[in-house]
Amino acid sequence: MVVDRIFSGIQPTGTPHLGNYLGAIQNWVNLQEECSSVLYSIMDMHSLTMPKEPAVLRQNILDTTAAILACGIDPKKCFLFRQSLMKRASQNSEGTVGLLTYPVLQAADILLYKSTHVPVGEDQVLHLELAQDIAQHFNKKYGEFFPVPKAILSTTKKIKSLRDPAVKMSKSDPQKLATVSIADSPDEIVLKFRKAVTDFTSEVTYDPASRPGVSNLVSIHAAVTGLSIKEVLHQATGLDTAHYKMVVAESVIQKFAPIRNEIKKLQEDKSYLIKVLEDGAEKAKELAAPIYQEIRRLVGF
Ligand code: ADP
Ligand code: NA
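Residues numbered from 1 in each chain as written. Chains lettered and ligands numbered in written order. Predicted model: local features only at pLDDT ≥ 70, side-chain atom pairs only at ≥ 80, totals over all residues.

The name an unreviewed UniProt entry assigns to the chain is tryptophan--tRNA ligase, from the organism Willisornis vidua. Per UniProt, the comment on the chain under Sequence similarities (unreviewed entry) is "Belongs to the class-I aminoacyl-tRNA synthetase family." (UniProt positions renumbered as here; feature names shortened; annotations may be inferred.)

Caption draft 1: Layout of the overall build of the chain. In terms of regular secondary structure, the chain is built from 10 helices and 5 strands. Computed over C-alpha atoms, the radius of gyration of the chain comes to 21 Å, within 12% of the 19 Å expected from 2.2 N^0.38 for 301 residues, which places it in the range of a compact globule. Considering only C-alpha atoms, the chain reaches an extent of 70 × 40 × 35 Å along its principal axes. In the chain, buried positions account for 40% of the 301 residues. A separation of at least 24 residues holds for 73% of the contacts in the chain among residues at least 6 apart in sequence. (Helix = DSSP H or I, 4+ residues; strand = E, 2+ residues; numbered from the N terminus. Rg over C-alpha atoms; globule rule 2.2 N^0.38 Å. Buried ≥ 20, exposed ≤ 12 C-beta atoms within 10 Å, placed from the backbone. Contact = placed C-beta atoms within 7 Å.)

Caption draft 2: Quick peek at the domain arrangement of the chain. Here the chain is partitioned into domain 1 (6-157 + 270-299) and domain 2 (186-265). The straight-line distance from the C-alpha centre of domain 1 to that of domain 2 is 32 Å. With 9 residues of domain 1 in contact, the opposing surface of domain 2 contributes 6 residues. Within the residue set of the side of domain 1 that touches domain 2, elements represented by two or more residues are α1 (18-34) and α2 (54-70). At 3 residues, the largest contribution of residues to the side of domain 1 that touches domain 2 is made by α2. A class-by-class count of the residues in the side of domain 1 that touches domain 2 yields 6 nonpolar, 2 polar and 1 charged. (Domains from an automatic or database assignment. Nonpolar A, V, L, I, M, F, W, Y, C, P; charged D, E, K, R; others polar.)

Caption draft 3: Region of interest: the site of ligand 1. Taken together, 16 residues lie near ligand 1, and Gly19, Gly23, Ala24, Gly121 and Ser170 sit nearest. Taken together, the residues of the shell around ligand 1 sort by class into 4 nonpolar, 8 polar and 4 charged. (Near = placed C-beta within 6 Å.)

Caption draft 4: Geometry of the nonpolar core. By size, the foremost hydrophobic cluster in this structure holds 72 residues, and its most contacted members are Leu18, Leu39, Leu80, Phe81, Ile220 and Val252. Looking at this core, you find at least three residues from each of domain 1 (6-157 + 270-299) and domain 2 (186-265). In this structure, Leu80 is in contact with Tyr40, Ile73, Pro75, Val276, Leu277 and Gly280, ignoring residues within four places of it in sequence. (Core = buried A, V, L, I, M, F, W, Y, C linked by C-beta atoms within 7 Å.)

See the structure below:
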């Protein structure tokens, strides 16, 4: 796989949950090691499609930034920036970003850096198709210019809601105790796993179709320990699901304890967070400027 440039975005919804970490952020951390040109954007303009108090949005941007830095995103290994800072920096008289709709905005973000690869979850593959279509149309009309961006699919299984294993864990789940934040305290984590929905069989087995609740626990256990399903099942031999829930809770507590501490530390250093995002925007702008100039030249502006 020739990966020249990776682009990915995260919505600034505050501190991520276990699903966001295992399904996306962990992969981001690995990709910044493997590829020399990586852009991660805090998509604050996308989140304007969901009405929010400006103060809440500002806080969420900083919390999201603190969280992904704490997870291991390293501004020396990638450009981490706020989407709107970048846009403001590259704005010109005819550019009114407000006119761009969500999918177009996303396509523009990907193409502006001539990104070749975009890490996505299965649920986002369709979003990428517009960017691919635009790249192909542009190339047909103006000559080969944009790489057609490819998806890097996350291989992690969807983490399910702890209260309803038929649906994925999500920040918008209104059910209490369904979603585990990566900054939850040990007590909160224990409580949420204790209340996790399983079934009437006490043995621990892995069978997502007929035993989604306990299988979700096994998936989480495997994902946070880095062990295989087989290995964690072996560790669970002889445990009933009630005891197993506490084993899984403990593995989650262990995994996120250092990250949680780091999040707290970073949240207290607002000026550092702001500086990281501003520096990243500056570098993203430098990268995009000649590409943008060339686009303008090609279309005859
Ligand atoms: P949410 O459902 O909480 O709103 P998003 O849709 O904002 O999450 O997704 C952000 C990233 O996290 C995406 O890459 C998505 O694939 C991943 N993700 C979200 N929920 C889960 C989950 N339950 N399990 C695995 N990955 C997830
Ligand atoms: Na993503």
